[in-house]
Amino acid sequence: MSKPKIGIFGLTSCAGDQLAILNCEDELLDIVGAVDIKSFIMAQSELKAVQDQMEDSRFDLALVEGAVVTDEDEKMLKKIRDNTKLLIAIGTCAAWGGIPASRNDLEREELYQIVYGRREDLFGCHKPRPLRDFVQVDFSLLGCPIEKEEILRAFSSLLHEDVPVLPTFPVCFECKLNENLCIFKEKDDLCHGSVTLAGCGARCPSHGVPCRGCRGPVDEANIPSVYHLMKEKGYPVADVERALRTFTYNAEIPQ
Amino acid sequence: MGHSELTGELIPRHLNVRVIAKDNLETFLGGLREFGEVFGPVEKERGAYIYAQLTDVKNVVQDAQRTVLPPKKYLYPQKEELFRFSTQEGYRKPESVDKGRKILFGVHPCDIHGLSILDKVFAGRYHEPRYFDRRDNLIIIGMNCLPDERCFCYSMGTDWVEKGFDLFLTELEDSYFVKIGTSCGEDLVHAQAELFRPVTDEDIQLYKERVNERNKMFVNRVELANLPQILELEYESEVWEELGRKCLSCGACSAVCPTCYCYEVYDVLDLNVETGSRIRRWDACLFKDFAKVAGGHNFREERSTRVKHRFYHKQVTFVEEFGRPSCVGCGRCVTQCPAGINLIDVFKEIRGEKVVHKSAR
Ligand code: SF4
Ligand code: SF4
Ligand code: SF4
Ligand code: SF4
């Protein structure tokens, strides 16, 4: 069996997810042994335009980081999709818009004004949107950034022509496995663990910091109940909603 | 004064009770390391107690409230590798698991009952050898705790233990009344006999007072008589829908429950796709995927049916199978549910006016 051809790409993002892959230091050699990485700009010393690399290969698997913000992003994403059998969104930006989309409630001009003091469009930006608004996404690895454990599991499962079995339940469960005090319950912290997808090992509450929902909403997130509970704790709905949308502006948030 | 009491040794006294001064307890715990690793409740952060290894016995909290996770984590860990497999060799049955002896100090009566319930489950139709490998090496030193407003063990009949411990301590004034439950417990005492003294009439008097005082402290009374029947009558109650709207499907209640035992099994392959591990981790019936089967059918798609399931399994179907509810009234789920769902209130509501009205009509 020939090794599957893989491409790792980044759209508009902080490159944290690509870095997370590079940070699999102990396993990098195993990864390279198992798959044929055809394109990974971040890890290449010799820079060749991504476009050219795509001309050369068709990919079995493309991992795409980042939100779609510019016309170039969109063009590149569609090109990647045309050249790959499977497309995986890596990171919450790719899956939900992430931090770049967190102020999608404001018009771009307004944001330019706030950030640069001029209302004009300097970069040709649109409101950041997740990959699935443009192309078919076969699978998502969540997180800001993604978890090493899940990257490895995704690779090995896909090599086995299977999809990885990853948690589908909320962060709270992992929080209890770690035996943390519930800071939402006991300290009235604005913790979003109950509506956020687990897989990070409840990293933040395990350090006494509320979960900000960086892994995106869990399927069946019970937002109305959370709103109700937060209201009881004295938080204005607007604050709760802002917090909920920090990483996932594009998620549907029922009232 | 103490000396004259020591003459109590001459009077025939129950041999299975002793007294240890509080000042001697840490020494005793330190000495137990001869028998195995010693674990007990420590304060992880303010107000959160957990069982942890007592590398320093000074960290033990003798009067700790309920721990976040119950002792089940030592018998049935949150996540573990069951075996390794390879395309070349198939799979090998693993050597039995960490058989090292563990001594668990400070186990409350409800948790001792919790363990005996897990014993029944794992010894049932499908005997679980890993559990019993560990169980056979677990020494239990119980502690007669004082209830808070979330405990309802009294109602569940789990506020008291007659067995299931090697030693069981009840606080007197500046000492503990020690009941010896097994010959192993006797060995533990014998090994450091100098730390214990025989009981005196005064101790017994004090002990009885303590037990009576404790009995009066249980403020939560949940009427359990015919609860299974009432639950069955209330199967369609609006209460379940209401709980379904509130519940966050987070599974915290199952994770912390001393008698919840459901697990998920899956394989993790290595990158060579030749070898891998079979993993087992705790699962919870509150999760949306829990009752999802091949073809995508889900037996409990609606959240309300999942919350309801947890109640009915604990209080109805478990009773049918094992003769008692699997809830031991430890109050952990009440403490941890981020949505504030309180089992005691639910039972009260289910038993409430509505039920009386119906039967009155
Ligand atoms: S602290 Fe946050 S993540 Fe942990 S149980 Fe509470 S709400 Fe859930
Ligand atoms: S606890 Fe929440 S914010 Fe922190 S890493 Fe996990 S999902 Fe992200
Ligand atoms: S159902 Fe709740 S109160 Fe009953 S044993 Fe489980 S955690 Fe304790
Ligand atoms: S802990 Fe509460 S919110 Fe979470 S699953 Fe259990 S009942 Fe529902």
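Residues numbered from 1 in each chain as written. Chains lettered and ligands numbered in written order. Predicted model: local features only at pLDDT ≥ 70, side-chain atom pairs only at ≥ 80, totals over all residues. Heavy atoms only, no water.

Participant: Hey, could you run me through the overall build of chain A in this one?
Facilitator: Helix and strand counts for chain A come out as 11 helices and seven strands. Radius of gyration (C-alpha) of chain A: 19 Å, near the 18 Å computed for a compact globule of 255 residues. Expressed as lengths along the three principal axes of its C-alpha atoms, the size of chain A is roughly 60 × 50 × 30 Å. Every one of the 255 residues in chain A was classed for burial, and the buried ones make up 53%. Sequence separation of at least 24 residues holds for 71% of the intrachain contacts in chain A that already meet a minimum separation of 6. Counting every atom, chain A has about 11900 Å² of accessible surface; 51% of that belongs to carbon and sulfur. Between the mean site of the 29 positive side-chain charges and the mean site of the 41 negative ones, chain A shows a separation of 2 Å. (Helix = DSSP H or I, 4+ residues; strand = E, 2+ residues; numbered from the N terminus. Rg over C-alpha atoms; globule rule 2.2 N^0.38 Å. Buried < 20%, exposed > 50% of the residue type's maximum accessible area, 1.4 Å probe, protein only. Contact = heavy atoms within 4.5 Å. Areas by Shrake-Rupley, 256 points an atom, 1.4 Å probe, with all protein chains shown as cover. Lys, Arg positive; Asp, Glu negative; His and termini not counted. Charge placed at Lys NZ, Arg CZ, Asp CG, Glu CD.)

Participant: Is there a simple way to explain the site of ligand 1 in this structure?
Facilitator: Residues and elements named next belong to chain A. Residues in close proximity to ligand 1 include Val171, Cys172, Cys175, Lys176, Cys182, Ile183, Phe184, Cys191, Gly193 and Pro205, which together make up its full environment. Taking a 2 Å distance to the grid points as the criterion, the majority of the atoms of ligand 1 fall inside the second largest cavity. Looking at the shell around ligand 1, the elements that each hand over two or more residues are α8 (171–177) and α9 (183–186). In terms of residues, the shell around ligand 1 owes the most to one element, α8, which gives four residues. When the residues that make up the shell around ligand 1 are grouped by side-chain class, the tally is eight nonpolar, one polar and one charged. (Near = heavy atom within 4 Å. 1 Å grid on protein atoms, 1.4 Å probe; cavity = no way out; pocket = protein on both sides within 12 Å on 5 of 7 lines; lining within 4 Å. Sits in = over half its atoms within 2 Å of the grid points. Nonpolar A, V, L, I, M, F, W, Y, C, P; charged D, E, K, R; others polar.)

Participant: Explain the confidence of the model for chain B here, please?
Facilitator: As a note on interpretation, predicted positions should not be read in detail where pLDDT is low. Residue and element names in this part refer to chain B. Scored by pLDDT, chain B has a mean of 90; 93% of the residues are at 70 or more. This stretch, residues 1–12, has a pLDDT under 50; its non-local contacts, to residues over four places away or in other chains, come to six contacts. pLDDT under 50 marks residues 353–361. Its contacts with residues more than four places away, or in other chains, come to eight contacts. Of the two predicted TM-score estimates for the complex, the pTM is 0.93 and the ipTM is 0.91. (pLDDT = per-residue confidence, 0-100.)

Participant: Before we go on, may I ask you to explain the environment of His113(B) in this structure?
Facilitator: All names here are of chain B. Examined against the element boundaries, His113 turns out to sit in helix α4 (residues 109–122). Judged by its relative accessible area of 18%, His113 falls in the buried class. His113 sits 108 residues away from Arg221 along the chain, and the two C-alpha atoms are 18 Å apart. Excluding residues within four positions of it along the chain, His113 makes contact with Gly157, Thr158, Trp160, Val161 and Val328.

Participant: Please explain the site of ligand 4 as it appears in this structure.
Facilitator: Near ligand 4 you find Cys247(B), Leu248(B), Ser249(B), Cys250(B), Gly251(B), Ala252(B), Cys253(B), Leu286(B), Cys337(B), Pro338(B), Ala339(B) and Ile341(B), and these make up its full shell. Here the residues of the shell around ligand 4 sort into 10 nonpolar, two polar and no charged.

Participant: Before we go on, may I ask you to explain the packing of helix α10 (residues 238–246) of chain B against helix α14 (residues 343–351) of chain B in this structure?
Facilitator: Two packed helices can be described by the angle between their axes and the distance between those axes. All names here are of chain B. Where α10 contacts α14, the axes come no closer than 10 Å and their chain directions differ by 155 degrees. With respect to α14, the element α10 is oriented roughly antiparallel. Facing Val239, Trp240 and Leu243 of α10, the residues of α14 in contact are Val346, Glu349 and Ile350. A per-class count over the contact of α10 with α14 returns five nonpolar, no polar and one charged. (Axes fitted to C-alpha atoms, helices over the stretch in contact; angles between N-to-C directions. Parallel < 35°, antiparallel > 145°, perpendicular 65-115°, else oblique.)

Participant: Would you mind going over the sheet that holds strand β7 (residues 139–141) of chain A with me for this structure?
Facilitator: The pairing of strands in a sheet happens through backbone hydrogen bonds and is either parallel or antiparallel. Residues and elements named next belong to chain A. Read across the open sheet, the five strands follow the order β2-β1-β3-β5-β7; overall the sheet is parallel. Across the chains shown, the open sheet's two edge strands, defined by having one partner strand only, are β2 (36–40) and β7. Each strand axis lies, on average, 25 degrees off the axis of its neighbour in the sheet, ignoring direction. Note that strand β1 (residues 5–10) and strand β3 (residues 59–65) share five bridges and pair parallel. Counterpart to Phe9 in the pairing with β3 is Val64. Its contacts with the sheet put helix α4 (residues 71–82) on β1, β3 and β5 (84–90), and the angle it makes with β5 is roughly 135 degrees. (Pairing = 2+ DSSP bridges.)

Participant: Would you explain helix α10 (residues 223–232) of chain A in this entry?
Facilitator: Residue pairs spaced three or four apart in an α-helix point in one direction, given the helix's 3.6 residues per turn. For α10(A), the full list of buried residues reads Ile223(A), Ser225(A), Val226(A), Tyr227(A), Leu229(A) and Met230(A). Contact partners of the buried residues in α10(A): α9 and α11 (237–244) of chain A together with α10 of chain B.

Participant: I keep staring at a nonpolar patch on the surface and nothing clicks. Help me out?
Facilitator: A cluster of nonpolar side chains, namely Ile114(A), Val115(A), Tyr116(A), Leu122(A) and Phe123(A), defines an oily patch on the protein surface of about 520 Å² accessible area. With a relative accessible area of 45%, Tyr116(A) lands in the partly exposed category. (Patch = residues over 30% accessible without salt bridge, like charges linked within 9 Å, V, L, I, M, F, W, Y side chains within 5 Å. Salt bridge = Lys/Arg side-chain N within 4 Å of Asp/Glu carboxyl O.)

Participant: Explain helix α12 (residues 303–322) of chain B here, please?
Facilitator: Residues and elements named next belong to chain B. Taking 1.5 Å per residue as the helical rise, α12 with its 20 residues ought to reach 28 Å, and the 27 Å between its terminal C-alpha atoms agrees with that figure. Helix geometry: α12 is bent most strongly at His313, by close to 50 degrees. Of the positions making up α12, those classed as buried are Arg303, Ser304, Arg306, Val307, Lys308, Arg310, Phe311, Tyr312, Lys314, Gln315, Val316 and Phe318. Gly323, located one to two residues past α12, shows a positive phi value of around 85 degrees. (Expected span 1.5 Å × (residues − 1). Bend = angle between axes of the 7 residues up to and from the residue.)

Participant: What is the right way to read empty space enclosed by the protein from this model?
Facilitator: Residue and element names in this part refer to chain B. Under the defined criterion, the tally for this structure stands at 10 cavities of 30 Å³ or more. In this structure, the largest cavity occupies an estimated 180 Å³ of space. What lines the largest cavity is a set of 18 residues, and nearest its centre among them are Cys247, Cys253, Arg310, Cys337 and Ile341. Put simply, the parts of the chain that give the lining of the largest cavity at least two residues each are α11 (252–256), α12 and α13 (332–336). Looking at the lining of the largest cavity, the element that brings in the most residues is α12, giving three residues. (Points joined across faces, edges and corners; volume = space filled by probe spheres on them.)

Participant: What's the story with unusual backbone geometry in this structure? I'm lost.
Facilitator: Excluding glycine, most residues fall at negative phi; most peptide bonds, likewise, are trans. All names here are of chain A. Here Cys144 and Pro145 are connected by a cis peptide whose omega angle stands at 0 degrees. Checked against the element boundaries, Pro145 lands in the loop between β7 and α7 (148–159). Located in the positive-phi region is Ala15, a residue other than glycine, with phi close to 70 degrees. As for its placement among the helices and strands, Ala15 is situated in the loop between β1 and α1 (16–22).

Participant: Would you take a moment to explain the domain arrangement of chain A for this structure?
Facilitator: Accessible area lost during the coming together of the parts is what is often quoted as the interface size. All names here are of chain A. Per the domain assignment, the segments making up chain A are domain 1 (5–159) and domain 2 (171–244). Computed from C-alpha atoms alone, the centre-to-centre distance between domain 1 and domain 2 is 27 Å. Between domain 1 and domain 2, the residue contacts involve eight residues of the former and 10 residues of the latter. Roughly 690 Å² is buried in total at the junction of domain 1 and domain 2, and carbon and sulfur atoms are behind 47% of that figure. Contact with domain 2 buries area across many residues of domain 1, yet Trp96, Leu142 and Glu147 alone supply 54% of it, more than any other trio. Along the contact surface separating domain 1 from domain 2 lie two salt bridges. The partner of Glu147 in a salt bridge is Arg203, and the shortest N-O contact between them spans 2.9 Å. At the junction of domain 1 and domain 2, the tally comes to four residue pairs in polar contact (both at pLDDT 80 or more). In terms of residue class, the side of domain 1 that touches domain 2 is made up of three nonpolar, two polar and three charged. (Domains from an automatic or database assignment. Buried area = accessible area lost by both parts, 1.4 Å probe. Polar contact = N/O pair within 3.5 Å; in protein donor to acceptor, adjacent residues only side chain to side chain.)

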